[in-house]
Amino acid sequence: MAILSVNAGSSTLKFSLYPLSAGQVQAQVLSGCIEGLEPGGAPEMTWNFQGQAYQKSLVLGTTSVFAQALLALRELLTELLGTAKIQAVAHRVVHGGAQYRASVVVSEAVLFDLMQLNSLAPLHQPHNLEGVRAFAKAFPEVPQVACFDTAFHASLPEVDYRFALPEALYAQGLRRYGFHGLSYQYVMGVLLAQSPRASGRVLMAHLGNGASLCAAKQGQSCSTTMGFSALDGLMMGTRPGTLDSGVMLYLLEQGWDHGRLQKMLYKQSGLLGVSGISADMRRLRADPSASAQLAVDIFTYRLQRECGAMVACLQGLDVLAFSGGIGEHDVTLRTELGQRLAWLGVVIDPVLNSQATGDQIMAIHAPESRVEVWVVPTDEGVVAAREAAKLLAA
Ligand SMILES: Nc1ncnc2c1ncn2[C@@H]1O[C@H](COP(=O)(O)OP(=O)(O)O)[C@@H](O)[C@H]1O
Ligand SMILES: CC(=O)OP(=O)(O)O
Ligand SMILES: [Mg+2]
């Protein structure tokens with residue numbers, strides 16, 4: 001018995017497999033990714049099984065590329081699992097709206113509700129749901145479970161989730177929801193298991209392609225930088241983060257339509273937009289140009305600024321945690337942020353910091369630091385698998 005966790009994006013499908021024993025999710029045995037699913041892409045499946053890496057190019061027709069990729073995945077699973085069975089497919093779905101505040105087994109009615117949220121997360125939700133639909137077809141005997149990025153933030157207080165907009169707009173669902181919840185749930189669980197101070201005031205930074213911060217008290221989210229959509233808050237790979245709404249009014253006046261605005265905000269801004277080079281932090285770090293440096297500088301500054309806001313909400317800080325591709329790997333970013341948060345008593349140990357390379361949970365603060373600083377390689381897949389196991393048991 002095993003649970004398959006999936007994260008279906010616009011051009012990639014990430015998957016991982018967790019055996020189930022006595023209803024408990026065990027350590028992952030398989031992880032992989034199908035890339036190149038966008039139109040004109042070159043689909044390729046890579047996976048890691050029992051410590052060995054594998055790769056296979058997929059020859060797929062031009063129609064129903066996703067469905068065909070799933071058949072290839074199904075074949076792989078049959079080959080690897082033998083007679084063992086998939087008990088459930090756990091999907092990361094970014095938006096559960098106001099209605100879905102916990103994971104749920106997906107029915108047609110649930111799928112219909114979730115589709116209404118597509119426009120709130122156009123880069124994620126439609127692809128997540130297409131994934132659910134395609135898996136339901138490719139694995140018809142297996143329940144599909146939706147696990148929401150928004151659910152961890154169900155504990156946000158009203159003063160945090162309400163916009164200062166007219167009440168009628170709130171009634172339509174215009175409020176802050178928050179995202180990256182599966183990652184925060186994982187990181188919070190790790191911190192609580194590692195340190196007694198984690199039940200105090202915790203600031204978690206999920207810094208990947210999408211990036212956000214979450215402030216938590218007693219293990220519960222009390223503020224977060226992403227809001228109504230995955231555009232708010234920190235500067236990201238291709239998204240600007242918090243933006244004066246006057247900019248939108250101005251561009252509308254200049255004749256920009258919805259499609260053009262959406263593309264600019266989700267795909268052409270952030271690190272990519274400022275540098276004109278890449279959305280990839282590694283490439284920018286390696287690039288000597290002034291525009292690459294400026295992009296990284298703005299990213300770091302905006303992070304510093306938003307950390308200040310989160311710490312103000314928390315009224316202090318006990319634990320700071322880094323996760324996501326940048327948070328787990330970028331030693332320079334952690335050093336610089338640590339220095340800029342020195343006024344809070346943060347002292348990062350340079351040796352420990354350079355040893356934290358994303359493959360293990362590590363504390364990187366110096367003994368005299370008033371704040372514990374952790375690097376926690378996140379695992380959204382295992383959180384989704386645990387959620388599915390809980391629902392199966394119920
Ligand atoms: N060694 C590294 N140093 C700096 N940034 C890194 C490193 N490794 C990965 N990253 C960055 O992590 C980001 C991707 O984060 P990740 O969490 O994998 O993304 P996603 O949101 O797609 O899951 C990219 O900007 C990438 O450059
Ligand atoms: C919600 C979000 O931004 O997700 P990701 O970081 O996967 O893009
Ligand atoms: Mg991510």
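Our structure is the block above this text.
Nothing here was measured: the structure is a model prediction, and the numbers come from that model. (Residues numbered from 1 in each chain as written. Chains lettered and ligands numbered in written order. Predicted model: local features only at pLDDT ≥ 70, side-chain atom pairs only at ≥ 80, totals over all residues.)

**Observations regarding the sheet that holds strand β13 (residues 319-323)**
So, step 1. Judged by pairing direction, the sheet is mixed, and its six strands sit side by side in the order β12-β11-β10-β13-β15-β14 without closing on themselves. The outermost strands of the open sheet, each flanked by one partner alone, are β12 (220-224) and β14 (362-363).
So, step 2. In terms of strand pairing, strand β10 (residues 201-207) meets β13 through five bridges, oriented parallel. Along β13, the bridge assignment pairs V202 with V319.
So, step 3. Against the sheet, helix α11 (residues 290-314) contacts β10, β11 (211-217) and β12, and its axis sits at roughly 15° relative to β11. (Pairing = 2+ DSSP bridges. Helix = DSSP H or I, 4+ residues; strand = E, 2+ residues; numbered from the N terminus. Contact = placed C-beta atoms within 7 Å. Axes fitted to C-alpha atoms, helices over the stretch in contact; angles between N-to-C directions.)

**Digging into unusual backbone geometry**
So, step 1. Despite not being glycine, A22 shows a phi value in the positive range, around 50°.
So, step 2. Structurally, A22 is set in the loop between β2 (13-21) and β3 (24-25).
So, step 3. Residue classification places A22 among the exposed positions, given that 6 C-beta atoms sit within 10 Å.
So, step 4. Positioned with a positive phi, H180 is a non-glycine residue whose angle comes to about 60°.
So, step 5. Of note, H180 is situated in the loop between α5 (167-171) and α6 (181-194).
So, step 6. For H180, a count of 31 C-beta atoms within 10 Å corresponds to the buried category. (Buried ≥ 20, exposed ≤ 12 C-beta atoms within 10 Å, placed from the backbone.)

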